[in-house]
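# Structure assessment
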There are 2 protein chains.
Amino acid sequence: MPRTKEFDPGAVLERALDLFWRRGYEATSMADLVEHLGIGRASIYATFGGKHDLYLKALERYVQTRDPSLVELLSQPGPALPAVRALVELYAEDAAGDRDRRGCMVVNAAAELLPDDQPVARFVEASWTGLETALTSALIRARAQGEISAEADPRALARFLLVFLQGMRVMGKSHGDPARLRDAAAQALALLR
Amino acid sequence: MPRTKEFDPGAVLERALDLFWRRGYEATSMADLVEHLGIGRASIYATFGGKHDLYLKALERYVQTRDPSLVELLSQPGPALPAVRALVELYAEDAAGDRDRRGCMVVNAAAELLPDDQPVARFVEASWTGLETALTSALIRARAQGEISAEADPRALARFLLVFLQGMRVMGKSHGDPARLRDAAAQALALLR
DNA sequence: ATCCAATTGGAACGAATGGTCAAAAATTAC
DNA sequence: GTAATTTTTGACCATTCGTTCCAATTGGAT
């Protein structure tokens, strides 16, 4: 009995994600969204709720469609260290080569909305904890397989990498020397031996 | 002939800095500022210009009154490496112990306003370049004094530390395990040998 | 004491904000 | 074909936004 929607909610959410990612939360107005999403104002409210709900769903989609490749990358069987190194280099290239300098949406969310926005805060923390866990488990495997020193502390190393990666993501928003992030990444990788 | 102001512009700017630092640019309204600065609306415009000008001046004050201690710290005569290590630990403690999780205003500015806001972009880049330069010069001294390996690359190491420090500053906005940043910092310091 | 000039508080500005509502259109099930 | 129900459209809402203006006030210089 319900009438079918004329649009694909997933595709619309993707466009909302694009806008929020590029401009942030406050700087993106409902008028902007109405214009770029291609659907009416009321349809947005009916489908996603208010602006904050829509932002949260966009952030969720961001994590689910951009980050998971990382966890998969880290969970491949076989040698674990190359995956970790590849991850760091991927982040460096990503940040250094990002033409429109949108950075990482999670980092942007943390910087703009935290500490006041609790739903976003929970989301950010969960995202970071997830990456820390994936890194830790990869490093535990690496140590077990003799790829890094037996004395290494996998969790501490994972935490270090986690912080360093977020650093690259913030700094990627600035038009600095692209070699800066590459140099930094090369040094960070020296810690993994 | 000009009449003297009834307020101390420096003190007022300090209060504006406090607000912008905590809430960011967009989320801070002129009404908020009027309420917290203790001076009239027109006085704000007459003294500092519009909202964006005020933000820029607050950001400037932030860098001038919070960061310079760092440059001084790194420029002390004698052994250079302890100063660098102290700096990393200071950032870690700062981020982990920051009760109200306001983070670093430069990082917040970068995440919220970049890449679209060019004046802010210039400011952020200058701030980061300045820290990179100070770190590089300290590490050059450290190498010359035999505190780190002769094969070490001071600039690359400085860039690494720069990125890592900014990472701590973003992540400090989240209520995560405080040990996370301390663990990370300890690992990063292992690179300075 | 007087004039000058700048600062002051507060009212007012139009534009833009996020959100709502009711009428119209459209699709499905019968 | 008809009835039912939901989506869509777009006008509309009160509020808040950053900014400007003006009249009153204030303090400094002569």
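Bear in mind that the values here come from a model prediction, so they are computed numbers and not experimental data. (Residues numbered from 1 in each chain as written. Chains lettered and ligands numbered in written order. Predicted model: local features only at pLDDT ≥ 70, side-chain atom pairs only at ≥ 80, totals over all residues. Heavy atoms only, no water.)

## Some words on the UniProt feature "DNA-binding region" (unreviewed entry) in chain A
As recorded in UniProt, the feature "DNA-binding region" (unreviewed entry) lies at residues 29–48 of chain A. Helix makes up 80% of residues 29–48 of chain A and strand 0%, and the two end C-alpha atoms of the span are 15 Å apart. (UniProt positions renumbered as here; feature names shortened; annotations may be inferred. Helix = DSSP H or I, 4+ residues; strand = E, 2+ residues; numbered from the N terminus.)

## Quick word on the pattern of salt bridges
Per the stated rule, a full pass over the model turns up 22 salt bridges over all chains. In this structure, the salt-bridge partner of Glu14(A) is Arg66(A), at a minimum N-O distance of 3.1 Å. With Glu14(A) in helix H1 (residues 9–23) and Arg66(A) in helix H4 (residues 51–66), the pair connects residues that are 52 residues apart, well separated along the chain. A salt bridge links Arg61(B) to Glu14(B); its shortest N-O distance comes to 2.4 Å. Of this pair, Arg61(B) sits in helix H4 (residues 51–66) while Glu14(B) sits in helix H1 (residues 9–23); the two residues are 47 residues apart in sequence, bridging distant segments of the chain. A relative accessible area of 25% means that Arg61(B) is categorised as partly exposed. Judged by its relative accessible area of 25%, Glu14(B) falls in the partly exposed class. (Salt bridge = Lys/Arg side-chain N within 4 Å of Asp/Glu carboxyl O. Buried < 20%, exposed > 50% of the residue type's maximum accessible area, 1.4 Å probe, protein only.)

## Structural notes on the relation of the copies chain A and chain B
By a simple turn and slide, chain A fits onto chain B: the slide is 0.0 Å along the axis, the RMSD is 0.1 Å, and the turn is 180 degrees. The operation mapping one copy onto its partner corresponds to a two-fold rotation axis. Considering only C-alpha atoms, the part of chain A nearest the rotation axis is Gly167(A), at 1.7 Å. Residue by residue, 100% of the interface of chain A is reproduced at the interface of chain B, so both copies engage with the same surface. (Least-squares fit on C-alpha atoms with pLDDT ≥ 70 in both. Contact = heavy atoms within 4.5 Å.)

## Some words on the protein's contact with DNA strand C
Taken together, 21 residues surround DNA strand C, and among them Met30(A), Arg41(A), Lys51(A), Gly40(B) and Ser43(B) come closest. For DNA strand C, a base oxygen lies 2.3 Å from a polar atom in the side chain of Arg41(A). Between a phosphate oxygen of DNA strand C and a side-chain N or O atom of Ser43(B), the distance comes to 2.8 Å. For the surface near DNA strand C, the secondary-structure elements that each account for two or more residues are helix H2 (30–37) and helix H3 (41–48) of chain A together with helix H3 (41–48) of chain B. In terms of residue class, the surface near DNA strand C is built from eight nonpolar, six polar and seven charged. (Near = heavy atom within 4 Å. Polar contact = N/O pair within 3.5 Å; in protein donor to acceptor, adjacent residues only side chain to side chain. Nonpolar A, V, L, I, M, F, W, Y, C, P; charged D, E, K, R; others polar.)

## Section: the domain arrangement of chain A
Residues and elements named next belong to chain A. By domain assignment, chain A separates into domain 1 (9–62) and domain 2 (67–189). Summarising the inter-unit geometry, the C-alpha centres of domain 1 and domain 2 are found 27 Å apart. If you look at the interface, domain 1 gives 15 residues, while domain 2 gives 15 residues. Of the roughly 1400 Å² buried between domain 1 and domain 2 on both sides combined, carbon and sulfur atoms contribute 65%. A per-residue breakdown of the area domain 1 buries against domain 2 is headed by Trp21, Leu59 and Tyr62, which together make up 48% of the total. The tally of links from domain 1 across to domain 2 stands at one salt bridge. The partner of arginine 102 in a salt bridge is aspartate 18, with the nearest N and O atoms 2.6 Å apart. For the pair domain 1 and domain 2, the number of links is six residue pairs in polar contact (both at pLDDT 80 or more). Those elements that provide at least two residues to the side of domain 1 that touches domain 2 are H1 and H4. Its residues assigned to classes, the side of domain 1 that touches domain 2 comprises nine nonpolar, two polar and four charged. (Domains from an automatic or database assignment. Buried area = accessible area lost by both parts, 1.4 Å probe.)

## With respect to the interface of chain A and chain B
Each partner contributes residues to the interface: chain A has 43 residues there, and chain B has 43 residues. Here chain A meets chain B over a buried area of about 3700 Å², counting both sides, of which 66% is carbon and sulfur. For the interface between chain A and chain B, the tally reads eight salt bridges. Linking Glu125(B) and Arg180(A) is a salt bridge whose minimum nitrogen-to-oxygen distance equals 3.1 Å. Viewed at the interface, chain B and chain A are joined by 14 residue pairs in polar contact (both at pLDDT 80 or more). Only helix H7 (105–113), helix H8 (118–144), helix H9 (154–171) and helix H10 (178–189) of chain A provide two or more residues apiece to the side of chain A that touches chain B. A total of 13 residues in the side of chain A that touches chain B trace back to one element, the largest contributor, which is H9(A). Each residue belonging to the side of chain A that touches chain B can be placed in one class, and the counts come to 22 nonpolar, eight polar and 13 charged.

## Thoughts on the side chain of Asp32(A)
Along the chain, Asp32(A) falls in helix H2. Owing to a relative accessible area of 18%, Asp32(A) belongs among the buried residues under this scheme.

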